[in-house]
Amino acid sequence: MAVISRGFHGRRPTEEKLPPGQYVVHDFPVLSAGPTPVVAKEDWQFTLTTVAGDTRHWSWQDLTALPAERPTVDIHCVTKWSKFRTEWEGVSLDTLLDGVDLDGDYAMVQSYGGYTTDLPLEDLLDGQAWIAYRYDHDDLPAEHGGPARLLVPHLYFWKSAKWVNGIRLMDSDEPGFWEGLGYHEYGDPWREQRYQGD
Amino acid sequence: MARAAVSGRLTGRLRWQTATVEDVRDETGTARTLVLRAPDWRGHAAGQHVDVRLTAEDGYSTQRSYSLASAPGGDRIELTVQRIGDGEVSPYLVDVLEAGDQLELRGPVGGWFVWDPADPSPVLLMAGGSGVVPLMSMIRTRRNVGSRVLFRLLYSVRTPEERYYARELGPGGAQGGLDITHLYTRSAPEGPRRPPGRLTEDDVAAYGWPAEFAPMCFVCGPTGFVERAAEILVAQGHDPQRIRTERFGPVGG
């Protein structure tokens, strides 16, 4: 039984699409574990590593030459804020990975600065994930992961790795940065999978 | 599926538990420390936070995260909460909650922004406003375990009246090996060493540690402060891997 907080009334969410335990924000909070890496577009590179160890590289020019999409999505941070109708531009992982040997059931996403996060490969495909390089009709600011970040809006936002620079495909799952520090290995906001065991 | 052992203190399921407010203490005109007794508390590391859940009579509930201010030990924990003007939860915690009330919490959470007392490296703490809260847990932990690790705190705050833990971090609260520098951004007391203003490279050079001492750096505060502080540290040669950051946005209410 929940403890009733004497004299607490709270605000009812005005939107029905708010996952449990979340509240709505209108600004865009920044959360990072360390300093913001400074990555110039001309130095940016994205590397896909297959289970067999083969690699494929994309430069900034390669990435931005691919067909772009403009998803408008709701995002949900494990620290409990949610932000509705955020507008992005970037390349779908379906486009990026078209023709690549997608062996392995899991993916480790890697970033400049050393951050990592793991998720099932299938959560990156079928129109669910993008490499985003524009936010709100402008270049993605560095503190929000610019020049490019992963965008996987159906999972808690720590999966949407900032300053992304690669994906390593894996046969079996391994914990990424926060997953190794006690956060949930999958992170579905609608099932409130915040911490290990949730 | 085999998984690597999980470090930190988050192994096993984190359950909601009921805590009772034992005491409340005003820190400033807009911030209050809640002293809570949590009978099922299993300890924490300095720098971690908790999730707090409030439930209204009709069953509506909401959650927020708050940093632990106290050192680990026993079943008493302290949170210091800043009232956010248009917040949903912080005005309740700061203005309404009183001794004897109960609330639900879950934690400790976060295994990265933590100080390990076994690490002999010098420590640089940089706080902007309410960002001092998890750093206070580190300072109190250092004192409680009798650590002689060298600590320096740079505490950026608008005015002397807005300092948290004024007595503990003031002249009477001296601890050997802990240097405290207040950096006032709006108004400073008489005879300041430095005119009021935002954090500068010179402040970090004067009151921090040289990069060659390889300190652990913990930076906590509003995003603008943290971005600036971390940028200065990196520019002054500190290893980004030894700079840990936590940002308190205005959405923390």
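Right, let's walk through the structure included here. Quick caveat: nothing in here was measured; it's all calculated off a predicted structure. (Residues numbered from 1 in each chain as written. Chains lettered and ligands numbered in written order. Predicted model: local features only at pLDDT ≥ 70, side-chain atom pairs only at ≥ 80, totals over all residues. Heavy atoms only, no water.)

1. Topic: the overall build of chain A
Then comes step 1: Looking only at helices and strands, chain A has 2 helices and 11 strands in total.
Then comes step 2: Shown N-terminal to C-terminal, the secondary structure of chain A runs as helices and strands in the order β-β-β-α-β-β-α-β-β-β-β-β-β.
Then comes step 3: Computed over the C-alpha atoms, the radius of gyration of chain A is 17 Å, within 12% of the 16 Å expected from 2.2 N^0.38 for a compact globule of 198 residues.
Then comes step 4: The principal-axis extent of the C-alpha atoms belonging to chain A is close to 60 × 35 × 30 Å.
Then comes step 5: Evaluated residue by residue, chain A yields a buried proportion of 57% over its 198 residues.
Then comes step 6: For chain A, restricting intrachain contacts to residue pairs at least 6 apart in sequence, the fraction spanning at least 24 positions comes to 67%.
Then comes step 7: The distance from the centre of the 17 positive side-chain charges to the centre of the 32 negative ones in chain A is 11 Å. (Helix = DSSP H or I, 4+ residues; strand = E, 2+ residues; numbered from the N terminus. Rg over C-alpha atoms; globule rule 2.2 N^0.38 Å. Buried < 20%, exposed > 50% of the residue type's maximum accessible area, 1.4 Å probe, protein only. Contact = heavy atoms within 4.5 Å. Lys, Arg positive; Asp, Glu negative; His and termini not counted. Charge placed at Lys NZ, Arg CZ, Asp CG, Glu CD.)

2. A few points about the overall build of chain B
Then comes step 1: Looking only at helices and strands, chain B has 4 helices and 11 strands in total.
Then comes step 2: The C-alpha radius of gyration computed for chain B amounts to 18 Å, which stays within 12% of the reference 18 Å derived for 253 residues, consistent with globular compactness.
Then comes step 3: Dimensions along the principal axes, computed over C-alpha positions, put chain B at roughly 55 × 50 × 30 Å.
Then comes step 4: By residue count, 56% of the 253 residues in chain B fall in the buried class.
Then comes step 5: Restricting to contacts in chain B with at least 6 residues of sequence separation, those with at least 24 account for 73%.
Then comes step 6: Carbon and sulfur atoms make up 48% of the accessible area of chain B, which amounts to about 10600 Å² in all.
Then comes step 7: Across chain B, the 29 positively charged side chains and the 31 negatively charged ones have centroids separated by 4 Å. (Areas by Shrake-Rupley, 256 points an atom, 1.4 Å probe, with all protein chains shown as cover.)

3. As for the packing of aromatic side chains
Then comes step 1: Applying the stated criterion to the full structure yields 22 aromatic pairs over all chains.
Then comes step 2: Ring geometry for Phe177(A) and Trp178(A): centres 4.8 Å apart, planes at 80°, overall edge-to-face. Judged on exposure class, the residue Phe177(A) and its partner Trp178(A) are both buried.
Then comes step 3: Ring centres 4.9 Å apart and planes at 85° place the aromatic pair Trp115(B) and Phe151(B) in the edge-to-face group. Residue Trp115(B) is located in the loop between strand 6 (102–109) and strand 7 (123–128), and its partner Phe151(B) is located in strand 8 (residues 151–157); the two are separated by 36 residues in the primary sequence. Note on accessibility: Trp115(B) and Phe151(B) belong to one class, buried.
Then comes step 4: Three or more aromatic residues joined by ring pairs make a cluster, and in this case those are Tyr115(A), Tyr156(A), Trp158(A), Phe177(A), Trp178(A), Tyr183(A), Tyr195(A) and Trp112(B).
Then comes step 5: In this arrangement the basic side chain of Arg53(B) is found over the ring face of Trp16(B), its NZ or CZ atom lying 4.2 Å from the centre.
Then comes step 6: Arg142(B) extends its terminal NZ or CZ atom over the ring of Phe151(B), reaching a point 5.4 Å from the ring centre. (Phe/Tyr/Trp six-rings, centres within 6.5 Å; stacked < 30°, edge-to-face > 60°. Lys NZ or Arg CZ within 6 Å of the ring centre and 35° of its normal.)

4. Things to note about the interface of chain A and chain B
Then comes step 1: Tallying the contact residues gives 46 residues for chain A and 52 residues for chain B.
Then comes step 2: Together, the buried faces of chain A and chain B total about 4100 Å²; carbon and sulfur atoms form 53% of this surface.
Then comes step 3: Summed over the three residues of chain A that lose the most area to chain B, namely Val3(A), Arg6(A) and Phe8(A), the buried surface amounts to 17% of that side.
Then comes step 4: Between chain A and chain B we count 4 salt bridges in total.
Then comes step 5: For the salt bridge of Asp198(A) with Arg106(B), the shortest nitrogen-to-oxygen distance reads 2.8 Å.
Then comes step 6: For the interface between chain A and chain B, the tally reads 20 residue pairs in polar contact (both at pLDDT 80 or more).
Then comes step 7: Split into classes, the residues belonging to the side of chain A that touches chain B amount to 20 nonpolar, 14 polar and 12 charged. (Buried area = accessible area lost by both parts, 1.4 Å probe. Salt bridge = Lys/Arg side-chain N within 4 Å of Asp/Glu carboxyl O. Polar contact = N/O pair within 3.5 Å; in protein donor to acceptor, adjacent residues only side chain to side chain. Nonpolar A, V, L, I, M, F, W, Y, C, P; charged D, E, K, R; others polar.)

5. Considering the sheet that holds strand 6 (residues 106–111) of chain A
Residues and elements named next belong to chain A.
Then comes step 1: Taken in spatial order, the 5 strands line up as 3-2-11-6-7 in an open sheet, and their pairing is mixed. Here the strands that pair on one side only, and so sit at the sheet edges, are strand 3 (55–59) and strand 7 (116–120). Between one strand and the next, the sheet's axes are offset by a mean angle of 15°, whatever the strand orientation.
Then comes step 2: Inspection of the sheet shows strand 2 (residues 45–49) paired to strand 3 by 5 bridges, in the antiparallel sense. Each residue of the ladder has a partner; that of Phe46, found in strand 3, is Trp58. (Pairing = 2+ DSSP bridges. Axes fitted to C-alpha atoms, helices over the stretch in contact; angles between N-to-C directions.)

6. Comments concerning the sheet that holds strand 4 (residues 61–67) of chain B
Residue and element names in this part refer to chain B.
Then comes step 1: Spatial ordering of the open sheet is given by 4-3-6-1-2-5, a layout of 6 strands whose pairing is antiparallel. Each of the sheet's edge strands pairs with one partner strand only, and the pair in question is strand 4 and strand 5 (76–82). Neighbour to neighbour, the strand axes of the sheet diverge by 40° on average, direction disregarded.
Then comes step 2: With 6 bridges joining them, strand 1 (residues 17–26) and strand 2 (residues 31–37) adopt antiparallel strand pairing. Across the sheet, Val21 pairs through a bridge with Leu36, a residue of strand 2.

7. Thoughts on helix 4 (residues 223–235) of chain B
Then comes step 1: Given a rise of 1.5 Å per residue, 13 residues ought to cover 18 Å, and the 18 Å separating the end C-alpha atoms of helix 4 of chain B matches this to within 8%.
Then comes step 2: The first or second residue beyond helix 4 of chain B is Gly237(B), which carries a positive phi of 100°. (Expected span 1.5 Å × (residues − 1).)

8. Notes on helix 2 (residues 132–144) of chain B
Residues and elements named next belong to chain B.
Then comes step 1: An ideal rise of 1.5 Å per residue puts 18 Å on 13 residues; helix 2 measures up with 18 Å between its terminal C-alpha atoms.
Then comes step 2: Among the 13 residues of helix 2, 11 are classified as buried, and the element is accordingly described as predominantly covered.
Then comes step 3: For helix 2, the full list of buried residues reads Val132, Val133, Pro134, Leu135, Met136, Ser137, Met138, Ile139, Arg140, Thr141 and Arg142.
Then comes step 4: Just beyond helix 2, the residue with positive phi is Gly146, at close to 70°.

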